[in-house]
Amino acid sequence: MSGKKAAALPRKAYEKELLRLQTELVKLQEWVRASGTRLVIVFEGRDAAGKGGTIKRVAEHLNPRVARIAALPKPTERERTQWYFQRYVEHLPAAGEIVLFDRSWYNRAGVEHVMGFCTKEEHQLFLRQCPIFERMLAEDGVLLRKYWFSVSDTEQQERFRRRLEDPLRRWKLSPMDLESITHWEAYSRAKDEMMVHTDITEAPWYVVESDDKRRARLNMIAHLLSSVPYHEVPPPVLELPERPASTGYERPPRDLRTYVADHAASLGSREQ
């Protein structure tokens, strides 16, 4: 997978537009809460495709009581005996909530299928049941948005290399992530088959080109906002009350409490 790479988006332009879009996301959140809407956003794609960074920017200024991230660990022994979609159902939103799935039920169409963590029969059953499951969500009024983050093989490998060299991001890599490099074509075929079965009218897939992370974040958020018929909900009128007169309260002596050491004082003054 290769092609001419677009010019990098300047940071200043990116940050200005990101702030504008995040302001709109807050308006979307308030509309979801006021209208009782249930919004599900699925983030899928290869390892290091930029899903996590985009989710972080989407949720950055939202109320975690309204918008929450669902990033499920591997299933327990008990969950392995359940209907496959069962453990995801309990994470679906109630009225006035948004759920961002950092990977979702589509694990079965990708990593589980490619790495042999499910049987061929389980994989085929998923491909038959998934469209039915998603149509049920849509028929019940759930707004479902599905985004596939598409990254090139060369860009993915470069991101893996940078993570290996960065102690702050090394935790993002697992042996399975690195092994995915050797299964590039298998993952491509699995994605293509998944799209054939699950790109349905009621819940279509939207592909986000993500070799440029900044463009990907802006494009995904802008598309989401354009796809939901939200409107600004007037906030309640709030007034800061006057502080009442003192009734004689005195703070206890400082030596009665244990305070955190002033580590910042040891740094001295530095130019910002």
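These figures come from a predicted structure and were not determined experimentally.

What counts and what doesn't
Residues numbered from 1 in each chain as written. Predicted model: local features only at pLDDT ≥ 70, side-chain atom pairs only at ≥ 80, totals over all residues. Heavy atoms only, no water. Core = buried A, V, L, I, M, F, W, Y, C linked by side-chain atoms within 4.5 Å. Buried < 20%, exposed > 50% of the residue type's maximum accessible area, 1.4 Å probe, protein only. Helix = DSSP H or I, 4+ residues; strand = E, 2+ residues; numbered from the N terminus. Contact = heavy atoms within 4.5 Å. Axes fitted to C-alpha atoms, helices over the stretch in contact; angles between N-to-C directions. Parallel < 35°, antiparallel > 145°, perpendicular 65-115°, else oblique. Left-handed = near helix turned anticlockwise from the far one by under 90°. Nonpolar A, V, L, I, M, F, W, Y, C, P; charged D, E, K, R; others polar. Pairing = 2+ DSSP bridges. Salt bridge = Lys/Arg side-chain N within 4 Å of Asp/Glu carboxyl O. Phe/Tyr/Trp six-rings, centres within 6.5 Å; stacked < 30°, edge-to-face > 60°.

Counting 31 residues, the largest nonpolar core has Leu28, Ile41 and Met220 as its most contacted members. Breaking this core down by element, the ones donating at least two residues are helix H1 (11–35), strand E1 (38–45), helix H2 (51–59), strand E3 (97–102), strand E4 (143–150) and helix H10 (213–227). At seven residues, the largest contribution of residues to this core is made by H1. Look past the residues within four positions of Met220 in its chain and what remains in contact with it is Ile41, Phe43, Thr54, Val58, Tyr147, Phe149 and Val208. Counting 25 residues, the second largest nonpolar core, distinct from the first, contains Phe85, Leu137, Leu144 and Ile200.

Another aspect to go through is the environment of Val207. As for its position among the elements, Val207 is in strand E5 (residues 205–209). Look at Val207 and you get exposed, because its relative accessible area is 52%. Distance from Val207 to Lys146, taken between C-alpha atoms, is 8.6 Å for residues 61 residues apart in sequence. Excluding anything up to four places from it in sequence, Val207 contacts Trp148, Ser150 and Met195.

Their axes nearest at 9 Å, the elements helix H6 (residues 120–139) and helix H9 (residues 184–198) cross at an angle of 40°. Relative to H9, the element H6 lies oblique. Considering only the axes of H6 and H9, their crossing is right-handed. Contact residues: His123, Gln124, Leu127, Cys130, Pro131 and Glu134 in H6; Glu193, Met194, His197 and Thr198 in H9. Looking at the contact of H6 with H9 residue by residue, the classes come out as four nonpolar, four polar and two charged.

In sheet architecture, strand pairing relies on hydrogen bonds along the backbone and comes in two forms, parallel and antiparallel. Spatial strand order, E2-E3-E1-E4-E5: five strands in an open sheet with parallel pairing. In the strand order of this sheet, the two ends are held by strand E2 (67–70) and E5, each with one partner. For this sheet the average axis-to-axis angle between neighbouring strands, irrespective of direction, equals 20°. Here E1 pairs with E3 via six bridges, running parallel.

What follows deals with the pattern of salt bridges. Taken as a whole and judged by the stated rule, the model has 23 salt bridges. A salt bridge links Asp47 to Arg103, with the shortest nitrogen-to-oxygen separation between them at 3.0 Å. Residue Asp47 is located in the loop between E1 and H2, and its partner Arg103 is located in the loop between E3 and helix H5 (111–114); the two are separated by 56 residues in the primary sequence. By relative accessible area, Asp47 is classed as buried at 18%. Judged by relative accessible area, Arg103 falls into the partly exposed class, the value being 23%.

This model, assessed by the stated rule, comprises 17 aromatic pairs. Ring geometry for Trp105 and Phe133: centres 5.2 Å apart, planes at 85°, overall edge-to-face. Within this pair, whereas Trp105 is found in the loop between E3 and H5, its partner Phe133 is found in helix H6, the two being separated by 28 residues in sequence. When its relative accessible area of 0% is taken as the criterion, Trp105 is described as buried. The structure contains a cluster of three or more aromatic residues connected by ring pairs, namely Trp83, Tyr84, Phe85, Tyr88, Phe101, Trp105, Tyr106, Phe126, Phe133, Trp148 and Trp205.

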